[in-house]
Amino acid sequence: MSFSCPYCGHLCKTEAGCRSHVKQTLCNYKPGLVPLSTLSSLFSSTSLSSFSPALGSSSPRPSSNSGLDPWTEEEQENFMDVDHTEADSGPVQIPFPNASQIVGQGATFMDDFNDDRFADERGANLYYPFASRPEWETASFLLNFSLSMQEIDVYLKLDLTKKNNLSFQTAQRLHDLADLLPPVASWKSRNMKTLPLYSSKTPLVLYYRDAIEVLQDLMKSPLICDSLHFTPMQIFEDSRKLVRVYDSWLSGERALKMQSQYPEGATLLGVVLSSDKTTVSVITGNRAAHPLLISLANIDSDLLSKASLHLFSLLALLPVPKYIERKTSIRGVLENRLYHECMDIVLEPLKVTARIGCMMSNPVGQLRVCYTPLASAIVDTPEASLIACTGGKDSPFTKAIYKNYGDSS
């Protein structure tokens, strides 16, 4: 025994399956689809097979044999949103129409590399400003393993190191040579002012980079050429379009909704921010750092999760204040106020670009008009409450307070 959908006639094996079909396909909410029993009562003299309920029409229209207005060719081609025939193998992707249009050709990473002022020297020595590949490997090791200037100097003064005849003998010289490499987004600093009555033990300095320049450097990386996507889409399990598949941020409803709010041809860049206050040293100085990282939700998640690819770029180092004020509650308010002030400065370029757009290039140099709404913020619970300006017992994601949680027992 089979059960048919009262709205579209799809046959199901069980009554529960029929209810599940109506719930998944939303037949009862689709314009132009009315219960078949209603059609039978309205047009008893005409067979149901002569009708083709069309999406977008307010009522079903009979065929030309009934003597009424016939279906147009466009309505006959697009009469059904769900294919009830035998499903084709593999998922079906429906991209957002007219999204992420290419508007020109720009520069790639290699174009910028070859236009550098030392491009001619690299023609003779690929590892310039370093003398050879072994010297470049040594410099890369010293610069990337969080060694202090003093520790690098100690290493360079070793007799074994001196035998290698490196072109740099001090840590300062090493950093000077590194500055000759092709430039990336430059660092800026700003002294944050404190209130007259609430001074800090140490100066409050915000170090940050331009967020759009950082994202542009990330988008030009050849490492993500095959893993960078720009078009929001709907993904279904098969051609029947009964089951949605969510495998990335661009396949979700939020990305589709954002895309619909931007002009035709706009490119959506989902910004991912991550921050976490970290203790650097406890015994020697009680040092702490508060880094802010940035990346893109358009990159495949399996690639984005690989720390070795460095797809999360350091955007800012937020100041960690030490106020003279003794009251803990007042110190907490001052720290929270400073956090929001710094975030407002660092994220201002992203806010402007999210409103008016910016021309940006992908790894192969294709130019698009990009917009940068926030897709995700990866933070712990205390920082989530800090961002949402909620108390310790209130939810930072909903309007619920601790009194609404109830007793789990």
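Residues numbered from 1 in each chain as written. Predicted model: local features only at pLDDT ≥ 70, side-chain atom pairs only at ≥ 80, totals over all residues. Heavy atoms only, no water.

So, on to the overall build of the protein. A count of helices and strands for the protein gives 15 helices and 16 strands. Among the 409 residues that make up the protein, the fraction classed as buried is 34%. If you sum the accessible surface of the protein, you get close to 25,100 Å²; carbon and sulfur atoms cover 54% of it. (Helix = DSSP H or I, 4+ residues; strand = E, 2+ residues; numbered from the N terminus. Buried < 20%, exposed > 50% of the residue type's maximum accessible area, 1.4 Å probe, protein only. Areas by Shrake-Rupley, 256 points an atom, 1.4 Å probe, with all protein chains shown as cover.)

To characterise two packed helices, one gives the angle between the axes of the helices and the distance between these axes. One way to put it is that helix α6 (residues 133-144) packs onto helix α9 (residues 171-178) with a least axis distance of 11 Å and a crossing angle of 105°. One element, α6, and the other, α9, form an angle in the roughly perpendicular class. Contacts between α6 and α9 involve A139, L142 and L143 on the former and, on the latter, L174, H175 and A178. When its residues are assigned to classes, the contact of α6 with α9 shows 5 nonpolar, 1 polar and no charged. (Axes fitted to C-alpha atoms, helices over the stretch in contact; angles between N-to-C directions. Parallel < 35°, antiparallel > 145°, perpendicular 65-115°, else oblique. Contact = heavy atoms within 4.5 Å. Nonpolar A, V, L, I, M, F, W, Y, C, P; charged D, E, K, R; others polar.)

With that settled, consider the environment of I299. Checked against the element boundaries, I299 lands in the loop between β12 (287-296) and α12 (301-304). Placed 73 residues apart in sequence, I299 and D226 show a C-alpha to C-alpha distance of 9.2 Å. Those residues within four positions of I299 in sequence are excluded, and the remaining contacts are L218, I224, S227, L228, L304 and L311.

In this section: the side chain of D210. Within the fold, D210 resides in the loop between β6 (205-209) and α10 (211-219). Buried charge without a salt bridge: D210, with K188 as the nearest opposite-charge side chain at an N-O distance of 4.2 Å. Among the polar contacts made by the side chain of D210, one reaches the main-chain amide nitrogen of E213 at a distance of 3.1 Å. Ignoring sequence-local partners within four residues, the contact set of D210 consists of S186, K188, L315 and P349. (Lys, Arg positive; Asp, Glu negative; His and termini not counted. Salt bridge = Lys/Arg side-chain N within 4 Å of Asp/Glu carboxyl O. Polar contact = N/O pair within 3.5 Å; in protein donor to acceptor, adjacent residues only side chain to side chain.)

What follows covers the packing of aromatic side chains. Counted according to the given criterion, the structure contains 6 aromatic pairs. Ring centres 5.5 Å apart and planes at 45° place the aromatic pair F118 and Y128 in the tilted group. Note that F118 is positioned in the loop between α4 (109-114) and α5 (119-124) and Y128 in the loop between α5 and α6, a separation of 10 residues in sequence. Residue F118 is classed as buried on the basis of its relative accessible area of 14%. A centroid spacing of 6.2 Å and a plane angle of 80° characterise the contact between F130 and F168, whose relative ring orientation is edge-to-face. With F130 in the loop between α5 and α6 and F168 in the loop between α8 (159-162) and α9, this pair connects stretches of sequence that are 38 residues apart. Each of the two residues, F130 as well as F168, counts as buried. Lying across the ring of F113, R122 places its NZ or CZ 4.9 Å from the centre. Across the ring face of F236, the terminal group of R244 is positioned such that the distance to the ring centre comes to 5.9 Å. (Phe/Tyr/Trp six-rings, centres within 6.5 Å; stacked < 30°, edge-to-face > 60°. Lys NZ or Arg CZ within 6 Å of the ring centre and 35° of its normal.)

It is worth spelling out helix α15 (residues 381-388) at this point. Residues E383, A384, S385 and L386 constitute the buried set of α15. Capping of α15 at its N-terminal end is provided by D380; its side-chain oxygen lies 3.1 Å from the backbone amide nitrogen of E383.

Now for α6. Across its 12 residues, α6 extends 16 Å between first and last C-alpha, which sits within 8% of the 16 Å expected from 1.5 Å per residue. Three or more residues of α6 are buried, namely E135, T138, A139 and L142. Along α6, the residues classed as buried sweep out an arc of 95° about the axis, all on the same side. Contact partners of the buried residues in α6: α7 (149-156) and α9. Of the residues one or two after α6, S146 is the one with positive phi, at around 55°. (Expected span 1.5 Å × (residues − 1). Arc of directions from axis to C-beta.)

The values reported here are purely geometric and, on their own, carry no functional implication.
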